[in-house]
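Listed here are the chains, written in short residue letters.
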Amino acid sequence: MIITKKKDRSKLLKTLEGYNSFYLIGCSECASLCGTGNEEALKEMAEDLKAQGKTVTGMIVPKTGCQTLGTKVELKKDKDALDKTDAIVVMSCGAGTQSAVEIYPDKAVYPSNDTLFLGNMTRFQMFDERCSLCGECVIDKTGGICPVTNCPKGLLNGPCGGTKDGNCEVSDEIKCAWVRIYERQKKLGELDKMKEILPPKDWSAKQGPHKLYTRADAAEGDKKGKDKK
Ligand code: SF4
Ligand code: SF4
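It should be emphasised that the depicted structure is a prediction, and the values quoted were computed from it without experimental measurement.

Student: Just to check I follow, could you spell out the site of ligand 2 for this structure?
Tutor: Looking at ligand 2, the residues that line it are Cys 151, Pro 152, Lys 153, Leu 155, Pro 159, Cys 160, Thr 163, Cys 168, Glu 169, Cys 176 and Ala 177. Its residues assigned to classes, the shell around ligand 2 comprises 8 nonpolar, 1 polar and 2 charged.

Student: For this particular structure, what's the right way to read unusual backbone geometry?
Tutor: In most cases, non-glycine residues show a negative phi, while peptide bonds are predominantly trans. Omega for the bond connecting Gly 208 with Pro 209 falls within 30 degrees of zero, at 0 degrees, which places this linkage in the cis form. Of note in the backbone geometry, Gln 125 takes a positive phi value of approximately 60 degrees without being a glycine. When you line up the elements, Gln 125 lands in the loop between strand 6 (113-123) and strand 7 (126-131). Classification of Gln 125 as partly exposed rests on a relative accessible area of 36%. The backbone of Leu 133 sits at a positive phi, close to 55 degrees, despite the residue not being glycine. In this structure, Leu 133 sits in the loop between strand 7 and helix 7 (147-150).

Student: In this structure, what is going on with the site of ligand 1? I would like to understand it.
Tutor: Residues in close proximity to ligand 1 include Cys 131, Ser 132, Leu 133, Cys 134, Cys 137, Val 138, Ile 139, Cys 146 and Thr 149, which together make up its full environment. Here the shell around ligand 1 is composed, by residue class, of 7 nonpolar, 2 polar and no charged.

Student: For this particular structure, what's the right way to read the pattern of salt bridges?
Tutor: Where side chains of opposite charge bring their charged atoms close, a pairing between them can arise. Across all of its chains, the model carries 14 salt bridges by this definition. Put simply, Lys 77 and Asp 78 hold a salt bridge, and the shortest N to O gap is 4.0 Å. According to the relative accessible area criterion, Asp 78 is buried, its value standing at 19%.

Student: Please clarify how the packing of aromatic side chains should be interpreted in this entry.
Tutor: Any aromatic ring pair is given by two values, namely how distant the centres are and how the planes are angled relative to each other. One pass over the structure, following the stated rule, counts 2 aromatic pairs. Measuring from ring centre to ring centre gives 6.3 Å for Tyr 19 and Phe 22, while their planes differ by 70 degrees; the resulting arrangement is edge-to-face. Exposure remark for Tyr 19: the relative accessible area of 22% places this residue in the partly exposed category. Take Phe 22: its relative accessible area is 0%, and that puts it in the buried class.

Student: Sorry if this is basic, but what is going on with the packing of helix 4 (residues 68-76) against helix 6 (residues 94-103) here?
Tutor: Between helix 4 and helix 6, the shortest axis-to-axis distance is 10 Å and the interhelical angle comes to 60 degrees. The element helix 4 and its partner helix 6 pack so that their crossing is right-handed. Contacts from Thr 68, Thr 71, Lys 72 and Leu 75 of helix 4 reach helix 6 at Ser 99, Glu 102 and Ile 103.

Student: Even after reading the chapter, I still don't get the environment of Glu 102, so can you show me in this structure?
Tutor: Mapped onto the elements, Glu 102 comes out in helix 6. Residue classification places Glu 102 among the exposed positions, given a relative accessible area of 56%. With 89 residues separating them in the primary sequence, Glu 102 and Leu 13 have C-alpha atoms 23 Å apart.

Student: Help me out: how do you make sense of helix 6 in this one?
Tutor: Within an α-helix, residues lying three or four positions from one another point in the same direction, as the helix has 3.6 residues per turn. Every buried residue of helix 6 is listed here: Gly 96, Thr 97, Ser 99, Ala 100 and Ile 103. Viewed along the axis of helix 6, the buried residues span an arc of 150 degrees, placing them on a single side of the element. Those residues of helix 6 that are buried lie in contact with strand 2 (21-25), helix 4, strand 4 (87-90) and strand 5 (108-111).

Student: Teacher, can you tell me more about the sheet that holds strand 6 here?
Tutor: Taking strand neighbours across the sheet as the criterion, the 3 strands line up as 1-6-7 in an open arrangement whose pairing is antiparallel. Across the chains shown, the open sheet's two edge strands, defined by having one partner strand only, are strand 1 (2-6) and strand 7. The mean angle between the axes of side-by-side strands here comes to 70 degrees, regardless of whether they run parallel or antiparallel. The pairing of strand 1 with strand 6 spans 5 bridges and is classified as antiparallel. In the strand pairing of strand 6, Lys 6 is matched with Asn 113.

Student: Before we go on, may I ask you to explain the pairing of strand 4 in this structure?
Tutor: Side chains on a regular strand alternate between the two faces of the sheet. Along strand 4, one buried face is formed by Ala 87 and Val 89 and the opposite face, lined by Ile 88 and Val 90, is buried too. Of the pairings in the sheet, the one linking strand 2 to strand 4 comprises 4 bridges and is parallel in character. The residue of strand 4 that forms the bridge with Tyr 23 is Ile 88. Note: strand 4 against strand 5, 4 bridges, orientation parallel. Following the sheet pairing, Ala 87 is matched in strand 5 by Ala 108. Regarding topology, helix 6 serves as the crossover connection from strand 4 to the parallel strand 5, and that connection is right-handed.

What counts and what doesn't
- Residues numbered from 1 in each chain as written.
- Chains lettered and ligands numbered in written order.
- Predicted model: local features only at pLDDT ≥ 70, side-chain atom pairs only at ≥ 80, totals over all residues.
- Heavy atoms only, no water.
- Near = heavy atom within 4 Å.
- Nonpolar A, V, L, I, M, F, W, Y, C, P; charged D, E, K, R; others polar.
- Helix = DSSP H or I, 4+ residues; strand = E, 2+ residues; numbered from the N terminus.
- Buried < 20%, exposed > 50% of the residue type's maximum accessible area, 1.4 Å probe, protein only.
- Salt bridge = Lys/Arg side-chain N within 4 Å of Asp/Glu carboxyl O.
- Phe/Tyr/Trp six-rings, centres within 6.5 Å; stacked < 30°, edge-to-face > 60°.
- Axes fitted to C-alpha atoms, helices over the stretch in contact; angles between N-to-C directions.
- Left-handed = near helix turned anticlockwise from the far one by under 90°.
- Contact = heavy atoms within 4.5 Å.
- Arc of directions from axis to C-beta.
- Pairing = 2+ DSSP bridges.
- Right-handed = clockwise from strand over helix to strand, strands pointing away.

What follows is the structure in structure tokens.
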């Protein structure tokens with residue numbers, strides 16, 4: 001899931017002070033799990049805006065904020081409220097915010113959250129980064145533990161030499177990723193896999209902006225759209 005945290009509320013309200021009316025958009029997926037885009041978070045935001053003398057014309061927690069087409073359909077029912085809104089505040093991740101920008105190109109759109117990383121909720125409201133979206137997954141070779149993300153140096157072929165008592169030299173609050181990988185491979189009886197030298201990573205796979213069209217007709221349509229410009 002995409003992990004988000006609320007922006008400093010007083011700074012956000014300052015940013016929004018030039019507008020009088022707002023429509024709030026959350027997200028029932030990751031941002032709801034993070035408590036940054038659920039109904040409760042939206043109501044809290046509405047109260048804070050009203051306390052500043054602002055009007056909240058409406059709010060919605062769409063099914064998936066970054067599913068642009070689905071969100072567009074869900075927003076249709078609130079067209080009137082949106083039409084009389086000065087600005088939209090999106091309480092999801094940066095992708096959800098940009099859905100609103102695409103749906104309402106002539107409206108001011110502001111994010112209420114900072115988007116931090118791709119990770120897991122390990123316990124209620126506790127989030128740990130798990131994947132850096134490197135574009136070329138290697139965890140089939142590393143016991144299912146990501147060295148790119150869990151080792152602060154992103155080392156692909158064993159520890160740096162600074163490991164101390166099993167912990168990382170960068171922070172003794174985290175276990176060395178390569179100790180974790182070793183322990184797991186040992187448990188699985190697959191230590192031999194550690195002898196394989198991984199090639200340097202092709203970081204070009206991480207270079208954005210990415211696109212992935214799994215429908216050939218969609219890819220073709222996008223190309224035609226570009227040709228027209
Ligand atoms: S190797 Fe890359 S894709 Fe796989 S989990 Fe790590 S960062 Fe993510
Ligand atoms: S101690 Fe381990 S986790 Fe930390 S930087 Fe070195 S190899 Fe990476």
